[in-house]
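As a plain string of letters, each chain reads:
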Amino acid sequence: MDKIDDLVRKNIRELTPYSSARDDYSGEKGIFLDANENPFGKLNRYPDPHHRQLRAEISRFIEIPVENIFLGNGSDEAIDLLFRIFCEPGKDKALTFSPTYGMYEVSAAVNDVKMIRVPLNDDLDINTSGVTPFIHDNRLKLIFICSPNNPSSNSFDREKILTIIEGFNGIVVIDEAYIDFSSNPSLISLICKYNNLVILRTFSKAWGAAAIRVGMVFAQPAIISYLYRVKPPYNISTLNQKEALKRIRKPGKFRKQIEEIKAEREILSEKVRKLDITEKLYPSDSNFLFVKVKDADSIYDLLTSKNIIVRNRSSVIKNCLRITIGTHDENKKLIKELKKIRI
C-alpha cells in the first residue's frame with residue numbers, strides 16, 4: 001500500500017501538536033519551574049507524556065522496538081484516536097465483524113463515521129465473502145478485527161486475517177486484548193511486514209490491571225507518531241505508569257495467573273458442558289466462556305439474585321451468556337447455582 005501519510009486526514013497531517021513543558025526537557029532531575037506546577041508534594045509533577053520508561057520495559061518484554069509502541073488511556077482511547085487520524089467525519093467508513101466488542105461502533109458514532117457490520121459465519125469466524133463488496137471502497141478506512149473475539153471467545157482463522165490485511169488499502173486493527181489466553185500466536189511480529197497493520201493490547205486482562213487503564217498499540221513508527229501527535233498531552237497518570245512498570249518488571253506472577261486461569265477455563269468448560277441448561281458451549285481461546293443456554297434471560301436473573309453476575313448477550317446472539325473465568329471458589333459457586341436451575 002502507499003505511504004501512511006496518504007491515508008491520514010489532511011488536517012491531522014498539518015496539525016501542530018500541543019507542546020507540553022515535558023516535551024522541552026526529558027530529564028528526571030532538576031529545578032522544574034517550567035510547567036506552573038505546585039512545588040510541594042509527591043504527586044505535584046505532570047507525568048511523562050511520552051511514557052518513556054514504560055515503553056522501554058514493554059519493548060524489552062515483547063521484543064518490539066520502542067518506536068513501534070504507543071500507550072493510551074486504555075485501548076478505548078487508541079480506538080478513538082485511530083478514528084480521528086484516519087476517518088473524515090460524515091464521509092468515511094469503518095468495518096467490523098459482528099458480534100464483537102461494542103466500543104468500535106461507539107467510537108465510530110462519536111466520530112460520525114459509518115460502521116459496516118459483517119456478520120460472522122455459522123462457526124463464528126470471519127466471513128471473507130461478506131467483506132468483498134466493501135474492501136475496495138475508497139471511503140472505507142479502518143477494519144477492526146477482535147481475535148480472540150469478544151463475546152464469542154474464539155480466535156479467527158489466521159489466513160483469513162492475512163487475506164484482509166494484504167487486500168485492503170486502509171488500516172487493519174487487530175485487537176489482541178485476550179491473546180495471552182490463546183493457543184494461537186500473536187500477529188505482532190507482522191507489523192514490520194505490513195505498514196497498514198495495527199495491534200492493540202491491554203494491561204486490563206492478563207496483567208490483572210483493569211483499574212489502571214493502560215492500553216498498548218503496536219504499529220509502524222509513522223502510525224505511532226500520529227497517535228502521539230493527536231493524543232492529550234498527559235493521557236496516562238504517573239501512578240498508573242508506575243503500576244504498569246511494577247507489573248511488567250515482575251512477569252512471573254503474570255505468567256502464573258494466566259496458567260491458573262487457563263486451567264480453570266478447562267475445568268469450568270467441562271462442567272458447563274454437562275449442565276442440563278446448556279445447549280452449546282463455544283470453544284474458548286480467551287478468559288471467558290460463551291455458552292448458549294435454554295433461557296438466558298431467566299438464568300441471568302436467577303444468578304443475579306444470588307449475587308453472581310455474568311453477561312447476558314442475548315441482544316447479539318439469542319440465549320447466549322458470557323461467563324468470565326473466576327477464581328476456583330467463584331467458579332464452584334457458579335456451577336452450584338447453575339445446577340439448581342430447572343427450565
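Notes on the structure in this doc start here.

Each value, and the rule that gives it
Residues numbered from 1 in each chain as written. Predicted model: local features only at pLDDT ≥ 70, side-chain atom pairs only at ≥ 80, totals over all residues. Heavy atoms only, no water. Pairing = 2+ DSSP bridges. Helix = DSSP H or I, 4+ residues; strand = E, 2+ residues; numbered from the N terminus. Axes fitted to C-alpha atoms, helices over the stretch in contact; angles between N-to-C directions. Contact = heavy atoms within 4.5 Å. Phe/Tyr/Trp six-rings, centres within 6.5 Å; stacked < 30°, edge-to-face > 60°. Lys NZ or Arg CZ within 6 Å of the ring centre and 35° of its normal.

Some words on the sheet that holds strand β10 (residues 311-312)
Then step 1. The strand order β8-β9-β11-β10 describes an open sheet built from 4 strands, whose pairing is antiparallel. Edge positions in the open sheet fall to β8 (278-281) and β10, since each of these has one partner strand only.
Then step 2. Examined bridge by bridge, strand β9 (residues 288-293) and strand β11 (residues 320-324) share 5 bridges and lie antiparallel to one another. What sits directly across from Phe290, in β11, is Arg322.

Observations concerning the sheet that holds strand β4 (residues 140-146)
Then step 1. On the basis of which strands lie adjacent, the open sheet formed by 7 strands has the order β1-β7-β6-β5-β4-β2-β3 and mixed pairing. Edge strands, defined here as strands with exactly one partner in the open sheet, are β1 (69-73) and β3 (114-119). Neighbour to neighbour, the strand axes of the sheet diverge by 25° on average, direction disregarded.
Then step 2. Pairing geometry for β4 and strand β5 (residues 171-175), over 5 bridges, is parallel. Bridging from a neighbouring strand, Leu142 pairs with Ile171 of β5.
Then step 3. Its contacts with the sheet place helix α8 (residues 221-230) against β1, β5, β6 (197-202) and β7 (214-218), and it is angled at close to 30° to β1.

Re the packing of aromatic side chains
Then step 1. Applying the stated criterion across every chain, the model contains 11 aromatic pairs.
Then step 2. A centroid spacing of 4.3 Å and a plane angle of 5° characterise the contact between Tyr46 and Tyr234, whose relative ring orientation is stacked. With Tyr46 in the loop between α2 (21-24) and α3 (52-62) and Tyr234 in the loop between α8 and α9 (238-248), this residue pair connects regions lying 188 residues apart in the sequence.
Then step 3. A cation over an aromatic ring shows up here: Arg322 above the ring of Phe288, its NZ or CZ 5.7 Å from the ring centre.

Read these as layout, nothing more, since geometry by itself doesn't imply function.
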